[in-house]
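# Secondary and tertiary structure notes
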Amino acid sequence: MSRSARSSSPAPAAGSPAGQRLDKWLWAARFFKTRSLAADEIERGRVRVNGQDAKPSREVRAGDRVSVRQGDCPTPREVEVLGLSAVRGPAPQAQLLYRETPESVLAQAEWRERRHYAADPALSIQQGRPTKADRRQLADWQRWSVSVDDLA
């Protein structure tokens, strides 16, 4: 990489805090178990910084707003970055790195409530291994059914 290409990225201003890679911050803040999982989710577009799509190498700084979609939840978690950490510490320490917005907390609670009253996904299964009662019913049907081949 040429020297001019490296210097084209904006350097942090004097007095501003240094940044940290987004995938490393998400890992240290315990949103994802590994940095590679964090990078994969970022590449899939499930993580945004300040309302913009991000790359794993994006620098985050204190005060940035990070939106993270995790699992099957349709509403993303909106958090404000409070601190940076180069190491992955215990959960109570990791929770000091961010603050979830009140709107996000409310949206997560509403989603959990709706999910609680939603239909059980197992009830929508149309195919699969037949139960014992289903097998008996199939055996009875096969015993009494007549095939065109049997008549010839």
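Structure report, in brief. (Residues numbered from 1 in each chain as written. Predicted model: local features only at pLDDT ≥ 70, side-chain atom pairs only at ≥ 80, totals over all residues. Heavy atoms only, no water.)

## Details of the nonpolar core
Ranked by size, the top nonpolar core spans 19 residues in total, and within it Leu22, Trp25, Leu26, Phe31 and Val66 carry the most contacts. Within the residue set of this core, elements represented by two or more residues are helix H2 (22-28), helix H3 (35-43), strand S2 (47-49), strand S5 (65-68) and strand S6 (77-81). With 4 residues, the single largest contributor to this core is H2. Apart from residues lying up to four places away in sequence, phenylalanine 31 is in contact with Trp25, Leu26, Val68, Gln70, Arg77, Val79 and Tyr98. (Core = buried A, V, L, I, M, F, W, Y, C linked by side-chain atoms within 4.5 Å. Buried < 20%, exposed > 50% of the residue type's maximum accessible area, 1.4 Å probe, protein only. Helix = DSSP H or I, 4+ residues; strand = E, 2+ residues; numbered from the N terminus. Contact = heavy atoms within 4.5 Å.)

## Structural notes on the sheet that holds S5
On the basis of which strands lie adjacent, the open sheet formed by 5 strands has the order S3-S2-S5-S6-S7 and antiparallel pairing. Looking along the sheet, the strands with just one partner apiece sit at the ends: strand S3 (52-53) and strand S7 (98-100). Contacts from helix H5 (residues 102-117) reach S5, S6 and S7 within the one sheet, and its direction differs from that of S7 by about 55 degrees. (Pairing = 2+ DSSP bridges. Axes fitted to C-alpha atoms, helices over the stretch in contact; angles between N-to-C directions.)

## Points about the packing of aromatic side chains
Taken as a whole, this structure holds 3 aromatic pairs when the rule is applied. Plain terms: the ring middles of tryptophan 25 and tyrosine 98 are 6.4 Å apart, the flat faces sit at 75 degrees to each other, and that makes the pair edge-to-face. Remark: tyrosine 98 occurs in strand S7 and tryptophan 25 occurs in helix H2; sequence separation between them is 73 residues. Comparing tryptophan 25 with tyrosine 98, the two get one shared label, buried. An angle of 45 degrees between the planes, with centres 4.8 Å apart, marks the rings of phenylalanine 31 and tyrosine 98 as tilted. Taken together, the residues phenylalanine 31 in the loop between H2 and H3 and tyrosine 98 in strand S7 connect sequence positions 67 residues apart. By relative accessible area, phenylalanine 31 is classed as buried at 6%. By relative accessible area, which is 14% here, tyrosine 98 ends up buried. An aromatic cluster of at least three residues, connected via ring pairs, comprises Trp25, Phe31 and Tyr98. (Phe/Tyr/Trp six-rings, centres within 6.5 Å; stacked < 30°, edge-to-face > 60°.)

## A few points about a positive patch on the surface
Residues Arg129, Lys132, Arg135 and Arg136 make up a contiguous surface patch of positive charge. Counting through the fold element by element, arginine 135 comes out in helix H6 (residues 132-144). Accessibility expressed as a relative area gives 41% for arginine 135, which makes it partly exposed. (Patch = residues over 30% accessible without salt bridge, like charges linked within 9 Å, V, L, I, M, F, W, Y side chains within 5 Å. Areas by Shrake-Rupley, 256 points an atom, 1.4 Å probe, with all protein chains shown as cover. Salt bridge = Lys/Arg side-chain N within 4 Å of Asp/Glu carboxyl O. Lys, Arg positive; Asp, Glu negative; His and termini not counted. Charge placed at Lys NZ, Arg CZ, Asp CG, Glu CD.)

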